[in-house]
Amino acid sequence: QSAIPADFSRFINAYMIGLYKGAEQNSVFIVLKTDLHDNIYQELMDHESDYVQNIFKSLDGQDLVGTSTKNTFSDRLVKNLTTRVLIDDQGKVLMIYSFLDRSTLVIAHSENALYRAYVAYNTPRPKN
């Protein structure tokens, strides 16, 4: 059931799906390599409820769309990282996304998964 919407996929060069295993919960995340940051950012702002939810719809066996009556994202600062977040009626994060740079978009189910992806992305690889 999960899919990158056709109108959105034209901006995607590559993607990776990952799983963050945390102490409290496991969380799926997806990393998208994109073109034309300004265009994709505007496309997300115009259609984020549809696009982001369609990418994650049932990706890990959970129906996230059906768990909230709120279908609007809001801005949130997470450990100095600017994000957009969708919360459920009890205030729990359902989806969160952020650009790590002008070509790397991360979408996750939890703040911890998004932040761990950010840390891994910005950690230099050891030199042999």
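Definitions and cut-offs
- Residues numbered from 1 in each chain as written.
- Predicted model: local features only at pLDDT ≥ 70, side-chain atom pairs only at ≥ 80, totals over all residues.
- Heavy atoms only, no water.
- Buried < 20%, exposed > 50% of the residue type's maximum accessible area, 1.4 Å probe, protein only.
- Helix = DSSP H or I, 4+ residues; strand = E, 2+ residues; numbered from the N terminus.
- Pairing = 2+ DSSP bridges.
- Phe/Tyr/Trp six-rings, centres within 6.5 Å; stacked < 30°, edge-to-face > 60°.
- Salt bridge = Lys/Arg side-chain N within 4 Å of Asp/Glu carboxyl O.
- Expected span 1.5 Å × (residues − 1).
- Arc of directions from axis to C-beta.
- Contact = heavy atoms within 4.5 Å.
- Axes fitted to C-alpha atoms, helices over the stretch in contact; angles between N-to-C directions.
- Core = buried A, V, L, I, M, F, W, Y, C linked by side-chain atoms within 4.5 Å.

Participant: Is there a simple way to think about the pairing of strand 4 (residues 81-87) in this case?
Facilitator: Remark: a regular strand shows side chains that alternate across the two faces of the sheet. Among the 7 residues in strand 4, 5 count as buried, and that is most of the element. As consecutive antiparallel partners, strand 3 (residues 74-78) and strand 4 are separated by 2 residues, and within that stretch Lys79 has a phi angle of approximately 50 degrees, a positive value. In this structure, strand 4 lies alongside strand 5 (residues 93-101), joined through 4 bridges in antiparallel fashion. By the bridge assignment for strand 5, Arg84 is matched with Tyr97. The loop that links strand 4 with its antiparallel partner strand 5 comprises 5 residues; one of these, Gly91, has a positive phi angle of about 90 degrees.

Participant: I'm lost on the packing of aromatic side chains in this one. Help?
Facilitator: Each aromatic ring pair is characterised by the separation of its centres together with the angle its planes make. As enumerated under the stated definition, the model contains 3 aromatic pairs in all. Judged by centre distance (6.2 Å) and plane angle (55 degrees), the rings of Tyr41 and Phe99 are tilted. Taken together, the residues span a long stretch of sequence, with Tyr41 in helix 2 (residues 37-56) and Phe99 in strand 5 at a distance of 58 residues. Judged by its relative accessible area of 36%, Tyr41 is partly exposed.

Participant: Mind showing me how you'd approach the pattern of salt bridges here?
Facilitator: Between side chains of opposite charge, a pair can form as their charged atoms come close. Evaluation of the coordinates by the stated rule reveals 3 salt bridges. Of the charged contacts in the structure, one is a salt bridge between Asp75 and Arg84, with a shortest N-O distance of 2.8 Å. A relative accessible area of 59% places Asp75 in the exposed class. One network of salt bridges, in which partners are shared, links Glu48, Asp75 and Arg84.

Participant: Teacher, can you tell me more about helix 3 (residues 111-122) here?
Facilitator: Two residues of an α-helix separated by three or four positions point the same way, owing to the 3.6 residues in each turn. Over its 12 residues, helix 3 runs 17 Å from end to end, which matches the ideal 16 Å to within 8%, given 1.5 Å per residue. Burial in helix 3 covers these residues: Ala113, Leu114 and Ala117. In a view along the axis of helix 3, the buried residues occupy a sector of 100 degrees, so they form one face of it. Tucked into the core, helix 3 has its buried residues touching strand 1 (12-21), strand 2 (26-34), strand 4, strand 5 and strand 6 (104-108).

Participant: What is the right way to read the sheet that holds strand 6 from this model?
Facilitator: Sheet strands associate in pairs through backbone hydrogen bonding, adopting either a parallel or an antiparallel arrangement. Strand order in the open sheet formed by 6 strands is 1-2-6-5-4-3, and the pairing between neighbours is antiparallel. Unpaired on one side and paired on the other, strand 1 and strand 3 mark the two borders of the sheet. Here the average twist between neighbouring strands, direction ignored, is 25 degrees. With 5 bridges joining them, strand 5 and strand 6 adopt antiparallel strand pairing. From the neighbouring strand, Tyr97 faces strand 6, where its bridge partner is Ile107. Each of strand 1, strand 2, strand 3, strand 4, strand 5 and strand 6 touches helix 3; the most contacted strand, strand 5, lies at about 15 degrees to it.

Participant: Looking at this model, I keep getting lost on the nonpolar core. Mind explaining?
Facilitator: The nonpolar side chains of a soluble globular protein tend to be buried, and buried together. In terms of nonpolar packing, the biggest core is built from 18 residues, with Phe8, Leu32, Leu44, Val52, Tyr97, Leu105 and Ile107 touching the most fellow members. For this core, the secondary-structure elements that each account for two or more residues are strand 2, helix 2, strand 5 and strand 6. If one sorts the elements of this core by residue count, helix 2 sits on top with 5 residues. Membership of the second largest hydrophobic core comes to 14 residues, among which are Phe29, Val78, Val106 and Ala117.

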